[in-house]
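Remarks on the overall topology
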Amino acid sequence: MGKRRTDQEWQTLIEQSESSSLSTLAFCKLKELNPSTFYAKRQQLNKIEVSQGFVKAEVVKKTTKYQAQIATANMTLLVNNVELSIPQGN
């Protein structure tokens, strides 16, 4: 019989598996885990995360982009079918 692990220990193993370059089966073999147990525990813990209303987010790439736009709206006054337009900035 294998070692009993807490949910936190399983969560750590699942995160290590996801961040490794190994396939799940290779990771399980390396860590001496039963792949069926690993898959079942991963599914169980994912259901717990979803039911709590939280989604795991990860910053993949930090980028900052700024774009400035200059508004060139005119002011228009319309009275009795007479239109007066005043360009902005003049």
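Please read all numbers here as calculations on a predicted model, not as lab measurements.

Scoring rules and cut-offs
Residues numbered from 1 in each chain as written. Predicted model: local features only at pLDDT ≥ 70, side-chain atom pairs only at ≥ 80, totals over all residues. Heavy atoms only, no water. Phe/Tyr/Trp six-rings, centres within 6.5 Å; stacked < 30°, edge-to-face > 60°. Buried < 20%, exposed > 50% of the residue type's maximum accessible area, 1.4 Å probe, protein only. Patch = residues over 30% accessible without salt bridge, like charges linked within 9 Å, V, L, I, M, F, W, Y side chains within 5 Å. Areas by Shrake-Rupley, 256 points an atom, 1.4 Å probe, with all protein chains shown as cover. Salt bridge = Lys/Arg side-chain N within 4 Å of Asp/Glu carboxyl O. Helix = DSSP H or I, 4+ residues; strand = E, 2+ residues; numbered from the N terminus. Axes fitted to C-alpha atoms, helices over the stretch in contact; angles between N-to-C directions. Parallel < 35°, antiparallel > 145°, perpendicular 65-115°, else oblique. Left-handed = near helix turned anticlockwise from the far one by under 90°. Contact = heavy atoms within 4.5 Å. Nonpolar A, V, L, I, M, F, W, Y, C, P; charged D, E, K, R; others polar.

1. Topic: the packing of aromatic side chains
In this structure the tally under the stated criterion is 3 aromatic pairs. When the ring of Phe38 is compared with that of Tyr39, the centres are 6.2 Å apart and the planes differ by 75°; the resulting orientation is edge-to-face. Its relative accessible area of 0% is what places Phe38 among the buried residues. Put simply, the rings of Trp10, Phe27, Phe38 and Tyr39 pair up and form one aromatic cluster.

2. Remarks on a nonpolar patch on the surface
On the surface, a cluster of nonpolar side chains totalling about 470 Å² of accessible area is made up of Met75, Leu77, Val79, Leu84 and Ile86. Looking at where Met75 falls in the secondary structure, it is placed in strand β1 (residues 75–79). Since its relative accessible area comes to 55%, Met75 is described here as exposed.

3. Points about the pattern of salt bridges
On inspection of all chains with the given rule, the structure shows 1 salt bridge. With its nearest N and O atoms 3.0 Å apart, the salt bridge here joins Lys41 to Asp7. Of this pair, Lys41 sits in helix α3 (residues 35–51) while Asp7 sits in helix α1 (residues 7–19), placing them 34 residues apart in sequence. Looking at Lys41, the relative accessible area reads 15%, which means it is buried.

4. Considerations on the packing of α1 against helix α2 (residues 24–31)
Between α1 and α2, the least distance of the axes is 10 Å, while the angle of their chain directions is 130°. By the angle class used here, α1 and α2 are oblique. Note that α1 runs across α2; the crossing there is right-handed. Across the interface between the two elements, Leu13, Gln16 and Ser17 of α1 pack against Thr24, Phe27 and Lys31 of α2. For the contact of α1 with α2, the class distribution of residues is 2 nonpolar, 3 polar and 1 charged.

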